[in-house]
Amino acid sequence: MASHNLVATADVNRIEAPVTVKAYLMCAFASFGGIFFGYDSGYISGVMGMPYFIHLYEGFPYLPANPTTAQSNAFTLPDWKKSLITSILSAGTFFGALFAGDLADWFGRRTTIIAGCFIFIVGVILQTASHGLGLLVAGRLIAGFGVGFVSAIIILYMSEIAPKKVRGALVSGYQFCITIGILLASCVDYGTQNKLTTASYRIPIALQMLWALILGTGLFLLPESPRYYVKKGNLEKATHVLTRLRGEPEGSEYIQQELAEIVANHEYEMSVIPQGGYFSTWASCFTGGFSNPSSNIRRTLLGISLQMMQQWTGINFIFYFGTTFFQELKTIKNPFLISLVTTLVNVCSTPISFYIIEKFGRRSILIWGALGMVVCEFIVAIVGVTKGRLVENDPSAVRAQIAFICFYIFFFATTWGPAAWVVIGEIFPLPIRSRGVALSTASNWFWNCIIAVITPYMVGTEKRDANLGSRVFFVWGSLCALCFVYAYLLIPETKGLSLEQVDRMLEETTPRTSAKWVPHSTFAADMGMTDKGTLAPEVVEKPCINP
């Protein structure tokens, strides 16, 4: 790392510069990436339930001019087509997320996200132009690569530029934008569902390009992550972008102190993580022992398993297959409207996480959120099989189910939805952060894909299907019980800490004692970047040179 004059400090309260409102807005804009992620995930549920889409893609010879509810419900895609159309996006996103980790280290976080927007637009154009299954699937696969780039690196980018005191809230804004995207998709689907032309499904598909254009254009105006430049050894650019992000004047002592801490932490991590070629750096994600709570392998497995658990909550069953599931209950007049209601619950609940994630912490809300989801999902399942029969024949029981599904969505939206993304952006050290977040995000999409593949067969009514109906919530409820145990045993508390302080906390605590940990020194002081390498509280200047 090149020599550069930095102002280091041993005061743990001065390792981050004060932040202006302008700087908060710059950080918050990055969360806009959640809108086209959410929209892309949300529109497909409604499109697969549209009579004209089914008529075209399944080849039904007759479509009524004004189909009744019963006639609309009679038109359904076969399970294998539902599975393929839904899951192929997740498959593309899985590989896109893996590739994105390397690109973020080679070309920068911001550049990788912009490239993801471009790839996504290409995929959307192919989907919009499709008249058959082949081109639609190809378009969703390509769009998935773009979503993988964005979903993996936007979390990394936001975590690296956001102030520590509101990092959880700002990253939660990404999940909030996902819910807005899902809501917008539901509204568009609701408005076009009965059009008897290709516009019924082409309008929802084509609108995705707008969100990608807004994000890509906006990111051209935002700075790169300062931690990326520290990793590259370019402290001059790191200082410049940190000045923009914090809204401080050039030469600010606060900026120099924050940069000194980032540099010192990076040098410390580089000294303990084996360095080598391309494959060696990937292998670094899996170094260390399982008994060491701060080892790279423990952090990597934590990120991968946390995203897996988020998918195991079953939330995407509602947002991917909600419309078709409600159609199969056969007592709901307008399944599209019910899907819109569940999406509204998701949107209105998520902002609560902005407060509770900083007030109560990541660990606490993940534990209590899992417990709330367990209760709600088991109630939905039990109501569904009351008196030894399925609930589909009882309208009042269906209404009760929908109510508790909404409560379940509330618990997810305020806890596991945002907190899982926040935690994976905080737990990795800088040398492996981009790849650690990429692996974690890829895990999310891998399990997203698996669930999208198997769910139609779990609730389908064809002879080869399990035909679980409402009983599928016993499965989701049991998995949420695992999420509760997982959060209690393995999730550390990272609230209110800088990314560098999280590293130190993981070295000195266990998940169950992490909430009590208090910062007691800085990396800059410990690496000898203060006068004579002491922990003196006064601030002095000394060149920062690689040891």
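Residues numbered from 1 in each chain as written. Predicted model: local features only at pLDDT ≥ 70, side-chain atom pairs only at ≥ 80, totals over all residues. Heavy atoms only, no water.

The name an unreviewed UniProt entry gives the chain is General substrate transporter, with Hyaloscypha variabilis as the organism. Under the Subcellular location (unreviewed entry) heading, UniProt states for the chain: "Membrane". UniProt's Sequence similarities (unreviewed entry) comment on the chain is quoted here verbatim: "Belongs to the major facilitator superfamily. Sugar transporter (TC 2.A.1.1) family." (UniProt positions renumbered as here; feature names shortened; annotations may be inferred.)

Taken as a whole, this structure holds 10 salt bridges when the rule is applied. Notably, a salt bridge pairs Glu258 with Arg246, separated by 3.0 Å at the nearest N-O pair. Of this pair, Glu258 sits in helix α13 (residues 253-272) while Arg246 sits in helix α12 (residues 235-246), and the two are 12 residues apart along the sequence. Both residues of the pair, Glu258 and Arg246, belong to the buried class. By sharing partners, the salt bridges in this structure join Asp105, Arg109, Glu160 and Arg433 into a single network. (Salt bridge = Lys/Arg side-chain N within 4 Å of Asp/Glu carboxyl O. Helix = DSSP H or I, 4+ residues; strand = E, 2+ residues; numbered from the N terminus. Buried < 20%, exposed > 50% of the residue type's maximum accessible area, 1.4 Å probe, protein only.)

What follows deals with the packing of helix α6 (residues 109-129) against helix α9 (residues 199-206). Remark: α6 packs on α9, axes separated minimally by 9 Å, with the N-to-C direction vectors making an angle of 175°. By the angle class used here, α6 and α9 are roughly antiparallel. Residues Val124, Gln127, Thr128 and Ala129 of α6 lie in contact with α9, whose contacting residues are Arg202, Ile205 and Ala206. In terms of residue class, the contact of α6 with α9 is built from 4 nonpolar, 2 polar and 1 charged. (Axes fitted to C-alpha atoms, helices over the stretch in contact; angles between N-to-C directions. Parallel < 35°, antiparallel > 145°, perpendicular 65-115°, else oblique. Contact = heavy atoms within 4.5 Å. Nonpolar A, V, L, I, M, F, W, Y, C, P; charged D, E, K, R; others polar.)

Another point: the nonpolar core. If you look at the biggest cluster of nonpolar residues, it comprises 116 residues, and the most contacted ones within it are Phe36, Phe53, Leu306, Phe317, Trp416 and Phe473. Examining the composition of this core, we find that 14 residues originate from one element, helix α20 (residues 395-424), more than from any other. Apart from the residues within four sequence positions on either side, Leu306 is in contact with Leu366, Trp416, Ala420, Val423, Ile424, Tyr486 and Ile491. Counting residues in each nonpolar core, the second largest holds 12 residues, with Tyr229, Ala238, Ile255 and Ile262 among its members. (Core = buried A, V, L, I, M, F, W, Y, C linked by side-chain atoms within 4.5 Å.)

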